[in-house]
Amino acid sequence: MISTVVYRGNIIFTKSSEKFTVIENGYIFVKNGKVDKIKSELSKEDEVYEIIDYKDKLIIPGFIDLHLHAPQYANLGLGMDKQLLEWLDEYAFPEESKFKDLMYTEKVYKKVVKELWRCGTTRSVVFGSVHKDATKILMDLFIKSGLGAFVGKVNMDRNSPDYIIEDTQKSINDTEEIVCEYSNKSRLVKPIITPRFVPSCSSQVMQGIGAIAKKYNIPVQSHLSENISEIQWVKELHPECKEYGNVYNKFGLFGEVPTIMAHCIYSSEREMNLIKNNGVIAVHCPTSNLNVATGIMPVRKFMEKGITVGLGCDISGGHKISIPNVMVAAVQMSKMKWLESDKTYKPLTTAEVFYMGTKAGGKFFGKVGSFEEGYEFDALIIDDSSLGDLDRTIEERLQRYIYIGDDRNIVERYVAGQKISEPKF
Ligand code: GUN
Ligand code: FE
């Protein structure tokens, strides 16, 4: 049965990174969960449809988070004076090792999924831990919640502490088990191949999981060129590869299937060309980059090359799950880069970071992150009346919400046309 629902309100989204598209007091027609059309007036024949009137509220696309670590949730706000490699050893790895305990796992992962819901992150791409059963728990919680997600069991079988390192073959087998069990379990929640980063993955494990990605057509996520010491370490481990990205590429983990690489702060011209030519998506994680002092990604340079750049909160390198918070940091950091450089690359605009956190990131999920025809209706209804006077342009009101609003301003969340209420767990 075909069903159409019409939502009325102040509609704002980004078709391209250059500018917002605004339909003040407009109507979105949603047919079977997908945007059919937007009109600024209703006509006589539209009277047959159910109309949900959000009055003076804003209707915006749901937020897309392309990079976060669910098992680091309990570490939020901790270890923020450390640099990346030392932070991994002292904070990330010890916390992640706790996910062999499934009671603990359930307790923390419930909070993570609820927090994503609360912050309006309708779709996310998530690192689990090395633990197969814990990762399945996370996937099941996402399925129950109605939110969309790619979730990966992490692979790490070298250069890792004893208490978390995996046996190579078990790492490969566990990955394949999850892929087989979860590929068709849910339309919105899917597995993703997740080598932690080159230093913690042997060539054998990368070979094995690259073959799984190819055999089952499963996407890939990892970290790339995040920190100077890390890049030096990769050079020592793989002298045969000219660039960090070439290591993943050698094992079919760099664009043979849809691929996401977090950070890309120090990618050379050659590595950027490989990213571009292989259609890899880069993820900017500015709050994390600040906290663990990794650096400032030259985002505009990536955009000018035609590389897709999305946003990630990268908790607990990042200290908050909220994507608006990440958008603000992305603008602020781009201003610092511009001020402290030869001013070749202009700072990012609000429209650009909004695009990154909606339509650009949404590409990884299909037609998601915009309100153009055929896009899945992932939306947030924003009541910004507590933030200041409403006698402003819709664009100003959205900017103000991004900067000073929070979850209290989100009154409804929709994923693929379904209204999603607070997870009951
Ligand atoms: N590189 C390898 N593992 C991690 C991680 O957990 N967080 C970040 N930010 N970088 C990493
Ligand atoms: Fe990360």
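What you see is a predicted model; the values in this text were computed from it and never measured.

Criteria and thresholds
- Residues numbered from 1 in each chain as written.
- Chains lettered and ligands numbered in written order.
- Predicted model: local features only at pLDDT ≥ 70, side-chain atom pairs only at ≥ 80, totals over all residues.
- Heavy atoms only, no water.
- Donors = N, O, S within 2.8 Å, 3.2 Å for Na, K, Ca; no water.
- Tetrahedral: all angles 85-135°; square planar, octahedral: opposite > 155°, others 65-115°.
- Helix = DSSP H or I, 4+ residues; strand = E, 2+ residues; numbered from the N terminus.
- Buried < 20%, exposed > 50% of the residue type's maximum accessible area, 1.4 Å probe, protein only.
- Pairing = 2+ DSSP bridges.
- Axes fitted to C-alpha atoms, helices over the stretch in contact; angles between N-to-C directions.
- Polar contact = N/O pair within 3.5 Å; in protein donor to acceptor, adjacent residues only side chain to side chain.
- Contact = heavy atoms within 4.5 Å.
- UniProt positions renumbered as here; feature names shortened; annotations may be inferred.
- Parallel < 35°, antiparallel > 145°, perpendicular 65-115°, else oblique.
- Left-handed = near helix turned anticlockwise from the far one by under 90°.
- Nonpolar A, V, L, I, M, F, W, Y, C, P; charged D, E, K, R; others polar.
- Near = heavy atom within 4 Å.
- Areas by Shrake-Rupley, 256 points an atom, 1.4 Å probe, with all protein chains shown as cover.

Draft legend 1. Expanded view of the coordination of the iron ion (ligand 2). Protein coordination at the iron ion (ligand 2): the donors are His67 (NE2), His69 (NE2), His223 (NE2) and Asp314 (OD), at 2.0 to 2.3 Å from the metal. Bound by four donor atoms, the iron ion (ligand 2) shows angles of 88 to 176 degrees at the metal and therefore irregular coordination geometry. When the donor residues of the iron ion (ligand 2) are listed from N- to C-terminus, their spacing reads H-x1-H-x153-H-x90-D. Taken together, the residues His69 in strand S5 (residues 63–69) and His223 in strand S11 (residues 220–224) connect sequence positions 154 residues apart. Judged by relative accessible area, which is 6%, His223 ranks as buried.

Draft legend 2. The sheet that holds strand S14 (residues 309–311), seen in detail. As summarised here, the arrangement of the four strands in space is S11-S12-S13-S14, forming an open sheet in which the pairing is parallel. Among the strands making up the open sheet, the edge pair consists of S11 and S14. Neighbour-to-neighbour, the strand axes of this sheet turn through a mean angle of 30 degrees, independent of strand direction.

Draft legend 3. A look at the side chain of His263. Its place among the elements puts His263 in strand S12 (residues 259–263). Take His263: its relative accessible area is 0%, and that puts it in the buried class. Of the polar contacts made by the side chain of His263, one reaches the side chain of Glu226; its length is 3.1 Å. Every residue in contact with His263, bar those within four places of it in the chain, is listed here: His67, His223, Leu224, Glu226, Val283, Cys285, Ser288, Asn289, Met297 and Asp314.

Draft legend 4. Here's a closer look at the UniProt feature "domain: Amidohydrolase-related" (unreviewed entry) in the protein. Mapped onto the present numbering, the UniProt feature "domain: Amidohydrolase-related" (unreviewed entry) falls on residues 59–418. Between the first and last C-alpha atoms of residues 59–418 the distance is 15 Å; the span itself is 42% helix and 16% strand.

Draft legend 5. Spotlight on the pairing of strand S1 (residues 4–13). In terms of burial, S1 is largely enclosed, as 10 of its 10 residues are buried. In the sheet, S1 pairs with strand S2 (residues 21–31) via nine bridges, with the strands oriented antiparallel. Following the sheet pairing, Ile12 is matched in S2 by Val22.

Draft legend 6. Spatial organisation of the packing of helix H3 (residues 132–145) against helix H4 (residues 168–182). Packing of H3 against H4 brings their axes to within 10 Å, and their N-to-C directions diverge by 25 degrees. The pairing of H3 with H4 is recorded here as roughly parallel in orientation. For the pair H3 and H4, the sense of crossing is right-handed. Seen from H3, the contacting residues are Lys132, Thr135, Lys136, Met139, Asp140 and Ile143; seen from H4, they are Asp174, Glu177, Ile178, Glu181 and Tyr182. Residue composition of the contact of H3 with H4, by class: four nonpolar, one polar and six charged.

Draft legend 7. Expanded view of the site of ligand 1. Near ligand 1, the surroundings consist of His69, Gln72, Leu84, Trp87, Leu88, Arg196, Phe197, His223, Glu226, His263, Ser288 and Asp314. Contact distances for ligand 1 include 2.7 Å between an oxygen atom and a side-chain N or O atom of Arg196. Taken by itself ligand 1 offers 280 Å² of open surface, and the protein chains cover 100% of this. Per-element accounting of the shell around ligand 1 gives the leading share, three residues, to helix H1 (residues 84–96).

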